[in-house]
Amino acid sequence: AAINVAISGDLILVAPGLYVENLDYLGKDITVRSVNGPLATIVNGSASGTTVTFQSGETGAAVLDGFAINGGLATPGGGVLLSNASPSIVNCIIENNSAINGGGVACIFGSAPNLTGCVIDTNQATSGMGGGVFCDVSSSPVLLACTISNNTASLFGGGLYCDSNPVLN
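Predicted, not measured: the structure shown is a model, and the values here were computed from it.

Draft legend 1. Main features of the overall build of the protein chain. Along the protein chain, the regular secondary structure elements total one helix and 23 strands. Radius of gyration (C-alpha) of the protein chain: 14 Å, near the 15 Å computed for a compact globule of 169 residues. Expressed as lengths along the three principal axes of its C-alpha atoms, the size of the protein chain is roughly 40 × 30 × 30 Å. A total of 169 residues make up the protein chain; the buried ones form 50% of that total. Excluding contacts between residues fewer than 6 apart, the proportion of contacts in the protein chain whose partners are at least 24 apart in sequence is 77%. Within the structure as shown, the protein chain displays about 6,800 Å² of accessible surface, and the carbon and sulfur contribution to it stands at 56%.

Draft legend 2. Focus on a nonpolar patch on the surface. A surface patch of nonpolar side chains, about 300 Å² in accessible area, is lined by Leu11, Leu13 and Val35. Here Val35 shows up in the loop between strand 4 (31-34) and strand 5 (41-44). The exposure class of Val35 is exposed, given its relative accessible area of 53%.

Draft legend 3. Spatial organisation of the side chain of Thr41. Of note, Thr41 is situated in strand 5. Apart from the residues within four sequence positions on either side, Thr41 is in contact with Val14, Ala15, Pro16, Gly17, Tyr19, Ser34, Asn36, Gly66, Phe67 and Ala68.

Draft legend 4. Examining the packing of aromatic side chains more closely. Within this structure, the stated rule accounts for three aromatic pairs. Ring centres of Tyr25 and Phe54 lie 4.3 Å apart, and the angle between their planes is 40 degrees; this geometry places the pair in the tilted category. Of this pair, Tyr25 sits in the loop between strand 3 (23-24) and strand 4 while Phe54 sits in strand 6 (residues 52-54); the two residues are 29 residues apart in sequence, bridging distant segments of the chain. Measuring from centroid to centroid gives 6.5 Å for Phe156 and Tyr161, while their planes differ by 25 degrees, and the two rings are stacked. A connected cluster of aromatic rings, assembled from ring pairs, spans Phe134, Phe156 and Tyr161.

Draft legend 5. Molecular detail of the sheet that holds strand 3. In spatial order, the strands read 3-6-10-14-18-22; together these six strands make up an open sheet with parallel pairing. Only two strands of the sheet have a single partner each, and these edge strands are strand 3 and strand 22 (160-162).

Draft legend 6. Geometry of the sheet that holds strand 2 (residues 17-20). Ordered in space as 2-5-8-12-16-20, the six strands form an open sheet in which the pairing is parallel. With one partner strand each, in any of the chains shown, strand 2 and strand 20 (147-149) form the two edges of the open sheet. Averaged over all adjacent pairs, the angle separating strand axes in this sheet is 15 degrees, with direction ignored. Bridge count for strand 12 (residues 93-95) against strand 16 (residues 119-121) is three bridges, and the pairing is parallel. Bridge pairing in strand 16 links Glu95 to Asp121.

Draft legend 7. Highlighting the nonpolar core. Counting residues in each nonpolar core, the largest one holds 30 residues, and the members touching the most others are Tyr25, Val32, Phe54, Leu64, Val80, Val105 and Leu115. Listing elements by their share of this core, those giving two or more residues are strand 1 (11-14), strand 6, strand 10 (80-83), strand 14 (105-108) and strand 18 (133-135). Ignoring sequence-local partners within four residues, the contact set of Phe54 consists of Tyr25, Ala62, Leu64, Val80, Leu81, Leu82, Ser83, Ala85, Pro87 and Ile89.

Draft legend 8. Up close: the environment of Gly27. Along the chain, Gly27 turns up in the loop between strand 3 and strand 4. In this structure the C-alpha to C-alpha distance between Gly27 and Ile69, which are 42 residues apart in sequence, comes to 20 Å. Among all residues touching Gly27, those that are not within four sequence positions of it are Ser56 and Glu58.

Rules behind the numbers
Residues numbered from 1 in each chain as written. Predicted model: local features only at pLDDT ≥ 70, side-chain atom pairs only at ≥ 80, totals over all residues. Heavy atoms only, no water. Helix = DSSP H or I, 4+ residues; strand = E, 2+ residues; numbered from the N terminus. Rg over C-alpha atoms; globule rule 2.2 N^0.38 Å. Buried < 20%, exposed > 50% of the residue type's maximum accessible area, 1.4 Å probe, protein only. Contact = heavy atoms within 4.5 Å. Areas by Shrake-Rupley, 256 points an atom, 1.4 Å probe, with all protein chains shown as cover. Patch = residues over 30% accessible without salt bridge, like charges linked within 9 Å, V, L, I, M, F, W, Y side chains within 5 Å. Salt bridge = Lys/Arg side-chain N within 4 Å of Asp/Glu carboxyl O. Phe/Tyr/Trp six-rings, centres within 6.5 Å; stacked < 30°, edge-to-face > 60°. Pairing = 2+ DSSP bridges. Axes fitted to C-alpha atoms, helices over the stretch in contact; angles between N-to-C directions. Core = buried A, V, L, I, M, F, W, Y, C linked by side-chain atoms within 4.5 Å.

Right, dumping it as structure tokens:
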């Protein structure tokens, strides 16, 4: 509800808890930040689509900070779907999500997100590629100080599959 009424530049602070919902940034360059970090603040997609979606041209000024993101079930991007978007995702735990491609994170249609200090763990690409992270040829993600582990894919790239040139550090 807070994202629906927010305008670009707003900061939304989220109290600790379990939030069973699917978030869409709706093209808004806002910051959504947990007060107590990903161990205390969880967004669960309840197997009803992508848990967090950026698909409307969001820039680096759109920030998701300090959440556990789980329970996503989608075609691309079970946990996080980035389509024509380049937000910043910081200090998040993206775990236990599933999709055909990009169980944890899918970067498609020219996305160039920055993921910093994230853990991408125990996600699954059920019949495709990129259990942890999937990137199509037009996308160029930057992953800094991220841990990608225990992810699986039925075809290629259990942890990471990129048709593009990601920046990894």
